[in-house]
Amino acid sequence: MLTFKTLLNHAQPIPGFVYEQAEFLNDGKDARIDVVIRAHAQIRPKCSECQRACPGYDRLPARCWSQVSTWKILCFYHYAPRRVDCPEHGIVVEQMPWNDGKRRMTIGMMAFLAMWARRMSWLETARAFKVSWESVFRSVEWTVRWGLKHRVLEGVKALGIDDLHWGRAGFLTLIYQIDDGSRRLLWIGQKRTQATLMTGLDTLGPAVISGVEYVCSDMWRPYLNVIGKRIAHALHVLDRFHIASHLNGAVDEVRRGEMSRLNAAGKTTASMLKKMRWPLLKNRCRVLGRARKRLNTLIFSKLATARAWILKDTFQHFWTYHSVGHASRFLDAWCQRAMRSRLPPMKKVARMLRRHQPLILNWFRAKGALSSGAVEGLNNKIRVTTRRAYGFRTFNALEVALYHSLGKLPEPPRTHRFC
Ligand SMILES: [Zn+2]
């Protein structure tokens, strides 16, 4: 008959150690298997610092680790670690292949939970494998820390710098790699100040920063300052996605202002603006059905919102140019028109675009080296992760979750056959 020991040796072989005994306990509520491990009699213990075989020193009290459950039966390892006398590191605890530091889960268990936490929410993972949310979080955190320590940051040519509004804590700063073929989250920090971005760039290190050829960002002043100082050798491009969102914001501001004005005056035209927020923000060709009809009626009206929308829509043409000269003339003409529009939010955007004209025109100097959707795509994925996240009330948990899902981090080598 197949023994449990055979299964353990298949799933998680541990060189230098022996599965001595396994006991099945069932108190009616939770069934569990307790596995007792002992050291191999003929193999000397190893130092946990340098992995060299050393003479034994003494033995510590027994510890317990939770291991991946089998058929929903919880599984625990029990072992009393020895201490060794290492000529280099002194008296230290021995190396145990299933253990990392003082953690109460085996490495195999942590890798297993982290793998599932990528496919399901952390809460679902915790429920499915009968562990606490905290255990799932610790497992993902362990995987992420390992990945951050071992990731390779060579060949980063294009950086995207983005901010994200996050709960009550305010803003986060995100640094992405946006090269074709390698798009990932490189760094995340709290707030969106100069100090935040500076810390992020320092973390990536001077070798990475000196290799950067393109930086893509929003018109946020603290970012512009830091980029101008620290990544001045790269071509700085103002991101198309961010410019579009400023234009959309302005159209919406005009609509809201006009709607409350018309409502206050008791005008029936106010109804034309009702529930038009999304149709006005989308590309016209993406608005379908009745909303499209209402949008068309609105656009051909004499309302201020219509003029704002037309200005926004006209700006799309800007991105179709190939020459910097032509694009620059278009931008001038557009800004002039916006300044005469008598629409303060549109004038504000025009002033902003004028102020940053050289950086905006760098888009055409980059000549297709940057994909317009890269920052937007990562930004959307981040929003999905933060929205799906249960219990990410602390920055630490959010940080771990984002690196886990978007950092493309390397994974620790497998010492087991669970996943
Ligand atoms: Zn040692």
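Residues numbered from 1 in each chain as written. Predicted model: local features only at pLDDT ≥ 70, side-chain atom pairs only at ≥ 80, totals over all residues.

### A closer look at the nonpolar core
- Residues Leu 159, Tyr 176, Leu 185, Val 215, Ala 308 and Met 346 are the most contacted members of the largest nonpolar core, which totals 89 residues.
- The element best represented in this core is helix H2 (residues 107-119), accounting for eight residues.
- When residues of this core are assigned to domains, at least three map to each of domain 1 (1-104) and domain 2 (241-365).
- For Tyr 176, the contacting residues outside a window of four places in its chain are Leu 159, Gly 160, Asp 162, Arg 183, Arg 184, Leu 185, Leu 186, Val 375 and Leu 378. (Core = buried A, V, L, I, M, F, W, Y, C linked by C-beta atoms within 7 Å. Buried ≥ 20, exposed ≤ 12 C-beta atoms within 10 Å, placed from the backbone. Helix = DSSP H or I, 4+ residues; strand = E, 2+ residues; numbered from the N terminus. Domains from an automatic or database assignment. Contact = placed C-beta atoms within 7 Å.)

### Focus: helix H13 (residues 344-355)
- Spanning 12 residues, H13 covers 16 Å between terminal C-alpha atoms, matching the ideal 16 Å at 1.5 Å per step.
- Here H13 has its buried residues at Pro 345, Met 346, Val 349, Ala 350 and Leu 353. Looking down the long axis of H13, one finds its buried residues gathered within 140° of arc, a one-sided arrangement. Those residues of H13 that are exposed and angled more than 90 degrees off the buried face are Pro 344 and Arg 355. (Expected span 1.5 Å × (residues − 1). Arc of directions from axis to C-beta.)

### So, the domain arrangement of the protein
- What the domain assignment reports for the protein is domain 1 (1-104) and domain 2 (241-365).
- Placing a centre on the C-alpha atoms of domain 1 and another on those of domain 2 gives a separation of 65 Å.

### Thoughts on the confidence of the model for the protein
- Of all residues in the protein, 98% have pLDDT values of 70 or greater, and the mean over the chain is 90.
- In the model of the protein, helix H15 (residues 374-388) stands out as the element of lowest mean pLDDT, 81, in contrast to strand E7 (residues 90-93), which has the highest, 96. (pLDDT = per-residue confidence, 0-100.)

### A look at the sheet that holds strand E11 (residues 214-217)
- Pairing within the open sheet is mixed, and its five strands lie in the order E10-E9-E8-E11-E12. Whereas interior strands pair on both sides, the edge strands pair on one side only; in this sheet they are strand E10 (182-190) and strand E12 (235-238). Recorded for the sheet is a direction-independent mean angle of 25° between the axes of neighbouring strands.
- Here E11 pairs with E12 via four bridges, running parallel. For Val 215, the partnering residue across the bridge sits in E12 and is His 236. (Pairing = 2+ DSSP bridges. Axes fitted to C-alpha atoms, helices over the stretch in contact; angles between N-to-C directions.)

### Considerations on the sheet that holds strand E2 (residues 31-39)
- If you trace the four strands from one edge of the open sheet to the other, you get E1-E2-E5-E4, paired in mixed fashion. Pairing within the sheet leaves two strands with one partner each, and these edge strands are strand E1 (17-26) and strand E4 (63-70). The average undirected angle you get between the axes of adjacent strands in this sheet is 25°.
- Across the sheet, helix H1 (residues 4-11) touches E1 and E2, and the angle it forms with E1 is around 125°.

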